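Each chain, letter by letter, is given below.
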Amino acid sequence: MLICISASHKNSSFELLERLSVDAETLGRSIVDGHGTLSGAVVVATCNRFEAYLDLDEPYGTSPLPAVFSTIAAVSDVSGVPADDLRATLELAHGNGVAEHLFSVSAGLESVVVGEGEIAGQVRRALENARAAGTTSPELERLFQRASQTSRSIKNRTGIGSAGRSLVRLALDLAESRVRDWADAEVLLIGTGRYAGASLAALRERGAENVRVYSPSGRGARFATNHGIPAVTAAEFAAAAASADIVVACAATEAHVLSAADLNAGRAGRAPKSQLAIDLGLPRNIDPDVSAVEGVELLDLETIRLHAPLDAFDEASTEAHAMVAKATRKFGAVAEEINVTPAVVALRGHVIGILDAEIERARARGDDSEATEKALRHLVGVLLHTPMKRSREYAHSGDAQAWLDGLEALFGIVPEAESDVEARHVPDERPAV
C-alpha cells in the first residue's frame, strides 16, 4: 500500500518547511527502521515542500495510521518539530491518490511557480538518495520512474515548463525594478550546486556580467573555473558581500552564510549602499537580521511565494492535468494486474496439476495416446482462456478483488502471498492526518 504524507507552501509556513528540510536525506532510513511493515521510504525535500512516500507491506483494509504515526515520530525526532504540530499540518494520501499527487508534483503543477523546471530533477534525486540508503522498494521504484516519464511527457506535449519557469527566474523578475542595468550590477552568488548553475544562467540571460561566486563548502574555485567567473575566498567574503549590489544565495547548508555582522564588517570604512539580498536556500542561507542593515532589502522564499503569479487554467494546464489523470489510471491498472498475478499463477498451476494427474492415470490404464494428451492440453487451454482474460479485465477496472473472491469460491485457491494480492480500488482521498 502506497502512502504519502506531505507539507508544502500550500499548507505550511516556510519556517516549518525549513525545519523539516534539515537532515532530510538521512530520514528515509529512520522511517523504515521505525516501523516493521514499512518496506520502503523516499523523502522529497525542496524549497517549497517536504514529503515522505512510503510502501506499507500490509493487505488492503489494514489501517495505515500506525505506519503514519510512526513516520511522524521519526520526522519529529530528526527535525525537532513536535509530533502534534506535524499531525495538525501534514496531509495524507494513499492508494492511487499517491500516484496522482507525485505525478502532479514532478510535473511542476503543485509548485510555487507552476511548471518550474527544477522539481523533476529534485524528485529524481530523492529516489537516488533512497537507493543509496537502501530504502526503496519495487513499488516505489515504479512510482517514481513513472512520475519522471509523466513529467517528461507533459513538458514535451503541453509546453508547461518550457519557458524556463523557476523560483530563480521569478526572484530575478521581482528584482528587475530595483536594477537599473544588469550589465553594471555587481553580483555575488553564494553556492555551487544545481541551483547556483541555474541562477548564474538566469543572471546571464538578463545581461549580468560582473558575477562572483562564494562557496561555504570550499568548492567555489572549481565552480568559478567551470563557469568562467571569479571566486571569492572566505577571507574576502564579508567585503565582497558588502560591495555587491545583488546577493543571490542558494547553498546547501544548514547554517546562515550571510548575516548583518558580515555586512557591517565588510562595510567598515565605506558609505552605506542599496543592496538586494535574494535568499533561495532552505534552510535559509541569509540571516533575516540583514534587513536591519541600512539600505539592505531581503527577498526570501516567503516573499517570493506571495508574489508568485496565479496561473489560469489555460489549455496547456488543462491538458497537463488530464495527462496526470490518465497516467494515474494507468499506474493503478498496472498495480491491479500485478496484484492478481500470484492468483493467476496459482490457478494455472492448479489446473495443470489436475491435467497432469489425469494424463498419468490414463497412462497407467494403458492409454498413452499422444493424441489424447494433446486433446486434453488443448481443452485446458481453452478452459483457462476466459478466466485469464477476465482477470485482466477486472484488474483494469479496479475490481480485481471480485475475481480473487470468485477464484477462492470456485476452486478454494488463495495465493500464498496473500498480502501481495490486495487489489481493491483505493479512493483518491487526501484527508488531514
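Below: a short report on this structure. Just so it is clear, the structure is predicted and the values come from calculations on it, not from any experiment.

Reading the values: rules and limits
Residues numbered from 1 in each chain as written. Predicted model: local features only at pLDDT ≥ 70, side-chain atom pairs only at ≥ 80, totals over all residues. Heavy atoms only, no water. Helix = DSSP H or I, 4+ residues; strand = E, 2+ residues; numbered from the N terminus. Buried < 20%, exposed > 50% of the residue type's maximum accessible area, 1.4 Å probe, protein only. Contact = heavy atoms within 4.5 Å. Areas by Shrake-Rupley, 256 points an atom, 1.4 Å probe, with all protein chains shown as cover. Pairing = 2+ DSSP bridges. Phe/Tyr/Trp six-rings, centres within 6.5 Å; stacked < 30°, edge-to-face > 60°. Lys NZ or Arg CZ within 6 Å of the ring centre and 35° of its normal. Axes fitted to C-alpha atoms, helices over the stretch in contact; angles between N-to-C directions. Parallel < 35°, antiparallel > 145°, perpendicular 65-115°, else oblique. Nonpolar A, V, L, I, M, F, W, Y, C, P; charged D, E, K, R; others polar. Expected span 1.5 Å × (residues − 1).

A closer look at the overall build of the protein chain
Next up, step 1: When helices and strands are tallied, the protein chain shows 16 helices and nine strands.
Next up, step 2: Taking all 433 residues of the protein chain together, 50% fall into the buried category.
Next up, step 3: For the protein chain, the proportion of contacts with a sequence separation of at least 24, taken over those separated by at least 6, is 73%.
Next up, step 4: Looking at the protein chain as shown, the accessible area adds up to about 20,200 Å², and 50% of this sits on carbon and sulfur atoms.

With respect to the pairing of strand β2 (residues 38–46)
Next up, step 1: Where burial is concerned, most of β2 is hidden: seven out of the nine residues are buried.
Next up, step 2: Inspection of the sheet shows β2 paired to strand β3 (residues 49–56) by eight bridges, in the antiparallel sense. By the bridge assignment, Ala 41 is partnered in β3 with Leu 54.
Next up, step 3: In this structure, the hairpin formed by β2 and β3 is closed by a connection of two residues.

Topic: the packing of aromatic side chains
Next up, step 1: All told, the structure shown has three aromatic pairs when counted by the stated rule.
Next up, step 2: With centroids separated by 6.0 Å and ring planes inclined at 85 degrees, the aromatic side chains of Phe 103 and Phe 331 adopt a geometry described as edge-to-face. Residue Phe 103 is found in helix α5 (residues 96–106), and its partner Phe 331 is found in helix α14 (residues 315–364); the two are separated by 228 residues along the sequence.
Next up, step 3: Given a relative accessible area of 0%, Phe 103 falls into the buried group.
Next up, step 4: The ring centre of Phe 331 lies 3.9 Å from the NZ or CZ of Arg 142, which sits over that ring.

Considerations on the packing of α5 against helix α6 (residues 118–133)
Next up, step 1: It is at 8 Å that the axes of α5 and α6 come closest, and there the two elements cross at 130 degrees. The angle between the axes of α5 and α6 places the two elements in the oblique class. Where α5 abuts α6, its residues Leu 102, Val 105 and Ser 106 lie against Ile 119, Ala 120 and Val 123.
Next up, step 2: Class assignment of the residues belonging to the contact of α5 with α6 gives a composition of five nonpolar, one polar and no charged.

Focus on α6
Next up, step 1: Between its terminal C-alpha atoms α6 stretches 23 Å, which fits the 22 Å expected from 16 residues at 1.5 Å a residue.
Next up, step 2: Along its buried surface, α6 packs onto β2, α5, α7 (138–158), α8 (167–175) and α9 (194–205).
Next up, step 3: Residue Gly 134 follows α6 closely and has a positive phi angle near 75 degrees.

Thoughts on the environment of Leu 86
Next up, step 1: Here Leu 86 lies in helix α4 (residues 83–89).
Next up, step 2: Accessibility expressed as a relative area gives 1% for Leu 86, which makes it buried.
Next up, step 3: Distance from Leu 86 to Ile 5, taken between C-alpha atoms, is 9.9 Å for residues 81 residues apart in sequence.
Next up, step 4: When residues no more than four places from it in sequence are discounted, the contact partners of Leu 86 are Leu 20, Ile 72, Val 75, Ser 76 and Val 81.

A word on the sheet that holds β2
Next up, step 1: The antiparallel open sheet is built from four strands, whose spatial order is β2-β3-β1-β4. Taken across any chain shown, the strands that pair with only one partner, and hence form the sheet edges, are β2 and β4 (91–94). Strand-to-strand twist across the sheet, computed as the mean angle between neighbouring axes with direction ignored, equals 15 degrees.
Next up, step 2: Sheet topology places strand β1 (residues 2–8) next to β3; seven bridges connect them, and they run antiparallel. From the neighbouring strand, Ser 8 faces β3, where its bridge partner is Arg 49.
Next up, step 3: Sheet contacts for α5: β1, β3 and β4; angle to β3, the most-contacted strand, approximately 145 degrees.

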